[in-house]
Amino acid sequence: MAEPTPDLTPEPLERLGRFGDFGGRFVPEALIPALEELDEARHKAMVDPEFLGELERLHRTYTGRPSIITEVPRFAEHAGGARVILKREDLNHTGSHKINNVLAQALLTKRMGKTRVIAETGAGQHGVATATAAALMGLECVVYMGKVDTERQALNVARMRMLGAEVVAVPTGSATLKDAINEALRDWVANVGHTHYILGTVTGPHPFPEMVRDFHRIIGVEARSQVLDLTGRLPDAVIACVGGGSNAMGIFHRFIDDPDVRLIGVEAGGEGIESGRHAARFASADPGVLHGTFSYLMQDDDGQTLETHSVSAGLDYPSVGPEHSHLRDTGRAEYRYATDDKAMEAFRLLCRTEGIIPALESSHALAGAIEVGRELGPDALLLVNLSGRGDKDMHTAAEWFGLIDGEAVPEGRAEEPRATGDGRTQL
Amino acid sequence: MTADVTTGPGVESVFARCREEGRAALVCYLPVGFPSVEGSVRAMVAMVEAGADIIEVGIPYTDPVMDGPTVAYAADQALKRGVHVRDVFTATQAVRDAGAPPLVMTYWNLVLRYGVPTFARDLKAAGGAGLITPDLIPDEAADWIGASDETGLDRVFLVAPSSTDQRLAAVTRQCRGFVYAVSHMGVTGARESLGDAAKVIVERTKAVTELPVCVGVGVSGGAQAAEIAAYADGVIVGSALVRCLTEATDEEAGLTALRSLVGELADGVRSGS
Ligand SMILES: Cc1ncc(COP(=O)(O)O)c(C=O)c1O
């Protein structure tokens, strides 16, 4: 895998960390020195054979990389008969793609001589990954999580505590991911001397969007050559769910220079765009600043952040990584959304047809694949990033499908979905 | 274009007067909209009458990452009660009419959404002196630097104990009015003791700029104000004032507590040097 070395020429001041108009560094001055220190540390690390070697060793012997790809023909029958291949980030240690970024940032933390890490988490996957890396490397760890999310992802709260992390439930605002980030930023300002903030997605102030993308880029690098090996050609579309956008940037990035490969991000449509209860930023929002970056943002006429909704905690966020905004405005990537209903339908379908329980976040990508497959037909080859596994979501799924003990499984939700001749799913 | 000292909208004349009187300036913060828009305006005017030299008018924001629990609570309540960004202009006009320059303290997205040049024009028309921008650094502020040059409004950026000398020089070069020195690393909130960090950051800032340097974050009473007034050009108080309103049983009690605290602080800034 000969990868081009990163370009280290310093950028002019006001263009720092910009993707077109998006990105930047909208944070309190108190954090600037830490961001500069981080930027310097990651630039050095990315060309340091010792860092790259250690990261590669962890990927191989701890995470279980490379993650495999799996072709899913029974699922694909419901996606217009297209060929569908999953990139199995769900099989990584800790159960999602999040570990790729976390191990790299934890190594950076040690290189910067810091002893404490903090993180925000929505679904809990990033928090679990951070708690895991902290245990592995002997770092003190505090994870901020919206109170609503601690309830719907209770299993992950227990996992983090088992791993020795302190989990702080954040009751303010909407008590979800955005509020957890607010609290993590407050902690960081106060403790920046010995603390590194392991931000879990491709948003936030520069250098986070670029750095987190680079740490996830391995997903697309592996998948591109795996798909070529298996099929002898590039996919027609690469599909991923987009919360902050890290798993999507991770799998997209290696394909950006392949003009014939469509890059398709799937946002959380919640209860539908008309309902206002969703997190489909690109379907409804204008650009604005939140959490240090200028990007598409769900905001009211005053610029106050709007509350979002998704059945999946990891996609329940009002802003989106700035590079996605750039890819969208330049037309290199396209974005659509899947409603809660569609995502849950895709969730169940993958369980029943392939014996794979996906995360609810990843189920949005699967719902997108069903749609795209039906549009493109049986000649199409789709690569879908299965960003995580669904163990953490069993509680939500059990309630949704009525699988709790003593409750009857509602009619129509219990039967195996059947593909019909026209490629539509019958539930 | 710099604002004229006598007719300009900025705070320069306040510091000139304080220098003549051999004292530090008292800068008092309250968010607009708590307990109501009218109530907050009455409170701000009461602070001017009780001895505040400059009023820092906060605009409530959903995601106030620089603020501790006291200010965040008041802002959240104000938003729930329906405060709007445009209400800030009612407050600035009232404060200006009461005889003190109002500086608006706001998170950046609210101004961005309003439109930077439009916000500057409307603020100036409503008697505003300028902006304090806790999450906007000069490197990202090209639009605001342009709009404030055009209107003559002050632009107050923040420096922190973590700022390098290089950053201090770069940030203060873009400030007009004064420089806001954050006393310690952390969010807003009244504190018992400020320690040496505040003094150090003021001295380091004064080494690179001629502008007045005011200290904010954590000041709670007259004794602290006096201590800071000994080395800084101004003392900024926020959470302790907000608490007068959040802890009051009714509005009158809140205003009484507020007047008494502002009076104590005003004595403090006069006994510091
Ligand atoms: C499995 C999984 N996929 C996706 C996401 C969304 O994050 P991102 O858009 O950064 O990949 C999360 C976040 O919690 C997640 O746990």
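Residues numbered from 1 in each chain as written. Chains lettered and ligands numbered in written order. Predicted model: local features only at pLDDT ≥ 70, side-chain atom pairs only at ≥ 80, totals over all residues. Heavy atoms only, no water.

As annotated in an unreviewed UniProt entry, chain B carries the name Tryptophan synthase alpha chain and comes from Knoellia koreensis. According to its UniProt record, chain B has this under Sequence similarities (unreviewed entry): "Belongs to the TrpA family." (UniProt positions renumbered as here; feature names shortened; annotations may be inferred.)

Chain A is annotated in an unreviewed UniProt entry as Tryptophan synthase beta chain of Knoellia koreensis. In UniProt, chain A has this text filed under Pathway (unreviewed entry): "Amino-acid biosynthesis; L-tryptophan biosynthesis; L-tryptophan from chorismate: step 5/5." According to the UniProt record, the Catalytic activity (unreviewed entry) comment for chain A reads "(1S,2R)-1-C-(indol-3-yl)glycerol 3-phosphate + L-serine = D-glyceraldehyde 3-phosphate + L-tryptophan + H2O".

Peer 1: How do you make sense of the overall build of chain A when you look at a structure like this?
Peer 2: When you go through chain A residue by residue, the secondary structure sums to 16 helices and 16 strands. Relative to its length of 427 residues, chain A is compact, with a C-alpha radius of gyration of 20 Å against a globular reference of 22 Å. Seen through its principal axes, chain A has C-alpha atoms that stretch 60 × 50 × 45 Å. Of all 427 residues assigned to chain A, the portion counted as buried reaches 63%. Contacts in chain A between residues at least 24 apart in sequence constitute 74% of all its contacts with a sequence separation of at least 6. Accessible surface, chain A as shown: approximately 15,200 Å² in total, 51% of it carbon and sulfur. (Helix = DSSP H or I, 4+ residues; strand = E, 2+ residues; numbered from the N terminus. Rg over C-alpha atoms; globule rule 2.2 N^0.38 Å. Buried < 20%, exposed > 50% of the residue type's maximum accessible area, 1.4 Å probe, protein only. Contact = heavy atoms within 4.5 Å. Areas by Shrake-Rupley, 256 points an atom, 1.4 Å probe, with all protein chains shown as cover.)

Peer 1: Before we go on, may I ask you to explain the sheet that holds strand S2 (residues 22–26) of chain A in this structure?
Peer 2: Each strand in a sheet pairs with another by means of backbone hydrogen bonds, the pair being arranged parallel or else antiparallel. Residue and element names in this part refer to chain A. If you trace the four strands from one edge of the open sheet to the other, you get S1-S2-S12-S11, paired in antiparallel fashion. What marks the edges here is a single partner per strand, and that holds for strand S1 (18–19) and strand S11 (286–290). When S2 meets strand S12 (residues 292–297), the two strands line up antiparallel, connected through two bridges. Across the sheet, the residue bridging to Gly-23 is Phe-294, located in S12. Relative to S12, helix H13 (residues 322–329) is tilted by about 40 degrees, and along the sheet it contacts S1, S2 and S12. (Pairing = 2+ DSSP bridges. Axes fitted to C-alpha atoms, helices over the stretch in contact; angles between N-to-C directions.)

Peer 1: So what exactly am I meant to see when it comes to the pattern of salt bridges here?
Peer 2: A side chain with one charge may pair with a side chain of the opposite charge, provided their charged atoms come close. Residue and element names in this part refer to chain A. Inspection of every chain in the model, using the stated rule, returns 46 salt bridges over all chains. The salt bridge partner of Lys-147 is Glu-151, with a shortest N-O separation of 3.1 Å. With Lys-147 and Glu-151 both in helix H6 (residues 147–152) and four residues apart, this pair spans about one turn of that helix. Taking the relative accessible area as the measure of exposure, Lys-147 reaches 38% and is therefore partly exposed. The salt bridge involving Glu-267 is made with Arg-281; its shortest N-O contact spans 2.7 Å. Note that Glu-267 is positioned in strand S10 (residues 262–270) and Arg-281 in helix H12 (residues 281–284), a separation of 14 residues in sequence. Side by side, Glu-267 and Arg-281 carry an identical accessibility label, which is buried. A single network of salt bridges, built from pairs that share partners, joins Arg-65, Lys-87, Glu-89 and Glu-222. (Salt bridge = Lys/Arg side-chain N within 4 Å of Asp/Glu carboxyl O.)

Peer 1: Is there a simple way to think about the domain arrangement of chain A in this case?
Peer 2: Reports of interface size often rely on the accessible area that becomes lost once the parts have come together. Residue and element names in this part refer to chain A. For chain A, the assigned domains are domain 1 (26–60 + 98–212) and domain 2 (65–96 + 217–406). Once you take the C-alpha centre of each, domain 1 and domain 2 turn out to be 22 Å apart. Approximately 2,800 Å² of surface area, both sides summed, lies buried where domain 1 meets domain 2, with 57% of it carried by carbon and sulfur atoms. Applying the counting criterion to the domain 1 and domain 2 interface returns one salt bridge. A salt bridge links Arg-152 to Asp-316; the shortest N-O distance between them is 2.8 Å. On inspection of domain 1 and its partner domain 2, the count reaches 15 residue pairs in polar contact (both at pLDDT 80 or more). Of all the secondary structure elements, the ones that give two or more residues to the side of domain 1 that touches domain 2 are helix H2 (49–63), helix H4 (98–111), helix H5 (125–137), H6, helix H7 (154–162), helix H8 (177–191) and helix H9 (208–216). Tallying contributions element by element places H8 first for the side of domain 1 that touches domain 2, with five residues. Partitioned by chemical class, the residues of the side of domain 1 that touches domain 2 number 14 nonpolar, 15 polar and six charged. (Domains from an automatic or database assignment. Buried area = accessible area lost by both parts, 1.4 Å probe. Polar contact = N/O pair within 3.5 Å; in protein donor to acceptor, adjacent residues only side chain to side chain. Nonpolar A, V, L, I, M, F, W, Y, C, P; charged D, E, K, R; others polar.)

Peer 1: What's the story with the site of the ligand in this structure? I'm lost.
Peer 2: All names here are of chain A. Close to the ligand lie 19 residues; Thr-201, Gly-243, Gly-245, Ser-246 and Ser-387 are nearest. Between an oxygen atom of the ligand and a side-chain N or O atom of Thr-201, the distance comes to 2.6 Å. Between Gly-245 and the ligand, the recorded distance is 2.7 Å, taken from a backbone N or O atom to an oxygen atom. Class assignment for the residues of the shell around the ligand results in five nonpolar, twelve polar and two charged. Of the residues that make up the shell around the ligand, three or more belong to each of domain 1 (26–60 + 98–212) and domain 2 (65–96 + 217–406). (Near = heavy atom within 4 Å.)

Peer 1: I tried to follow the UniProt feature "active site" (unreviewed entry) in chain B on my own but got confused; where do I start?
Peer 2: All names here are of chain B. The feature "active site" (unreviewed entry), as given by UniProt, occupies Glu-56 and Asp-67 in the numbering adopted here. When you line up the elements, Glu-56 lands in strand S2 (residues 54–58). Not counting residues up to four positions away in its chain, the partners in contact with Glu-56 are Val-27, Cys-28, Tyr-29, Leu-30, Leu-103, Met-105, Ile-132, Tyr-180 and Ile-236. Its location among the elements puts Asp-67 in the loop between S2 and helix H3 (69–80).

Peer 1: I'm lost on the nonpolar core in this one. Help?
Peer 2: If you look at soluble globular proteins, the nonpolar side chains tend to sit buried side by side. Grouped together as the largest cluster of nonpolar side chains are 189 residues, with contacts concentrated most on Phe252(A), Met47(B), Trp144(B), Phe178(B) and Leu241(B). Among the elements that make up this core, the one with the highest residue count is helix H2 (residues 37–49) of chain B (eight residues). Each of domain 1 (26–60 + 98–212) and domain 2 (65–96 + 217–406) of chain A contributes no fewer than three residues to this core. Here Phe252(A) is in contact with Val238(A), Ala240(A), Leu263(A), Ile264(A), Gly265(A), His324(A), Leu327(A), Ala333(A) and Tyr335(A), once residues within four sequence places are set aside. (Core = buried A, V, L, I, M, F, W, Y, C linked by side-chain atoms within 4.5 Å.)

Peer 1: What is the right way to look at the interface of chain B and chain A in this model?
Peer 2: Facing the 33 residues of chain B at the interface are 34 residues of chain A. Both faces considered, chain B and chain A share a buried interface measuring about 2,800 Å² in area, 51% of it formed by carbon and sulfur atoms. When the buried area of chain B at its contact with chain A is split by residue, Val65(B), Arg113(B) and Glu140(B) rank highest and sum to 24% of it. Linking Lys178(A) and Asp63(B) is a salt bridge whose minimum nitrogen-to-oxygen distance equals 2.8 Å. Elements with a contribution of two residues or more to the side of chain B that touches chain A: helix H5 (108–114), strand S6 (158–159) and helix H8 (165–173) of chain B. Of the residues forming the side of chain B that touches chain A, the biggest block, five residues, is contributed by H5(B). For the side of chain B that touches chain A, the per-class residue count stands at 20 nonpolar, six polar and seven charged.

Peer 1: Looking at this structure, I do not really get the pairing of strand S7 (residues 179–182) of chain B. What am I missing?
Peer 2: Regular strands place their side chains on alternate faces of the sheet. Residues and elements named next belong to chain B. On S7, burial covers both faces: Val-179 and Ala-181 on one face and Tyr-180 and Val-182 on the other are all buried. Sheet topology note: the S6/S7 ladder contains two bridges and is parallel. Looking at S7, one finds that Val-159 is bridged to Ala-181. The handedness of the S6 to S7 crossover, carried by H8, is right-handed. Where S7 lies against strand S8 (residues 213–216), four bridges are found, and the strand directions are parallel. Bridged to Tyr-180 within S8 is Cys-214. (Right-handed = clockwise from strand over helix to strand, strands pointing away.)

Peer 1: In this structure, what is going on with the confidence of the model for chain A? I would like to understand it.
Peer 2: Detailed reading of the predicted coordinates is not advisable wherever pLDDT is low. Residues and elements named next belong to chain A. For chain A, per-residue confidence averages 92 on the pLDDT scale, and 91% of positions sit at 70 or higher. This stretch, residues 8–12, has a pLDDT under 50; its non-local contacts, to residues over four places away or in other chains, come to five contacts. Below pLDDT 50 for its whole length, residues 411–415 participates in eleven contacts with residues either more than four positions away or in separate chains. (pLDDT = per-residue confidence, 0-100.)

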